[in-house]
Amino acid sequence: IEMSKDGMLYGEFGGGYNIREVSIANVSHVIQNLIFKNSKLYGDIKFLQTPKGIIAQELFKKKLATISMRAFATSYGSGQITLNNITTIDIRPKI
């Protein structure tokens, strides 16, 4: 997992339409301590005290938001997928 120099991934609220970049205008949270265990990804999310961070945190608490990962992976004919790189993990409002 490619993290920033300070060991965090910065995530967006809403946005996230560019697979390769995170827009600083939409940053709402940071993700730390990412690990894979039993084919699942675990980590800690810290919401930032920014306008988008406050909205994301409130919707997340009320279960009105979902988590969405932007990543690059390789798909094999057998159905196996290998995760190559995680750009970030975003928070999106439920529709």
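About the criteria used
Residues numbered from 1 in each chain as written. Predicted model: local features only at pLDDT ≥ 70, side-chain atom pairs only at ≥ 80, totals over all residues. Heavy atoms only, no water. Helix = DSSP H or I, 4+ residues; strand = E, 2+ residues; numbered from the N terminus. Buried < 20%, exposed > 50% of the residue type's maximum accessible area, 1.4 Å probe, protein only. Contact = heavy atoms within 4.5 Å. Areas by Shrake-Rupley, 256 points an atom, 1.4 Å probe, with all protein chains shown as cover. Salt bridge = Lys/Arg side-chain N within 4 Å of Asp/Glu carboxyl O. Pairing = 2+ DSSP bridges. Axes fitted to C-alpha atoms, helices over the stretch in contact; angles between N-to-C directions. pLDDT = per-residue confidence, 0-100.

Looking at the overall build of the chain
Piece 1. Check the secondary structure of the chain and you find one helix and five strands.
Piece 2. Reading the chain from its N end, one meets helices and strands in the order β-β-β-α-β-β.
Piece 3. By the burial criterion, 27% of the 95 residues in the chain qualify as buried.
Piece 4. Once local pairs closer than 6 in sequence are excluded, the contacts in the chain between residues at least 24 apart make up 47%.
Piece 5. As displayed, the chain has an accessible area near 6,500 Å², and 55% of this comes from carbon and sulfur atoms.

With respect to the pattern of salt bridges
When the charged atoms of two side chains with opposite charge come close together, those side chains can pair.
Piece 1. Applying the stated criterion across every chain, the model contains four salt bridges.
Piece 2. When the shortest N-O distance is used, the salt bridge between arginine 70 and glutamate 12 registers 3.0 Å. With arginine 70 in strand S4 (residues 65-75) and glutamate 12 in strand S1 (residues 9-12), the pair connects residues that are 58 residues apart, well separated along the chain.
Piece 3. Judged by its relative accessible area of 3%, arginine 70 is buried.
Piece 4. One salt bridge in this structure joins arginine 92 and aspartate 90, with 4.0 Å as the shortest N-O distance.

Observations concerning the sheet that holds strand S2 (residues 27-37)
Piece 1. Taken in spatial order, the three strands of this open sheet run S1-S2-S3, and their pairing is antiparallel. Every other strand in the sheet has two partners, leaving S1 and strand S3 (40-47) as the edge strands with one partner each. Neighbouring strand axes in the sheet, compared pairwise and without regard to direction, differ in orientation by 40 degrees on average.
Piece 2. Inspection of the sheet shows S1 paired to S2 by four bridges, in the antiparallel sense.

Re the confidence of the model for the chain
Piece 1. With 88% of its residues at a pLDDT of 70 or more, the chain shows a mean pLDDT of 84.
Piece 2. The least confident element of the chain is strand S5 (residues 81-93), whose mean pLDDT is 84; the most confident is helix H1 (residues 51-61), at 94.

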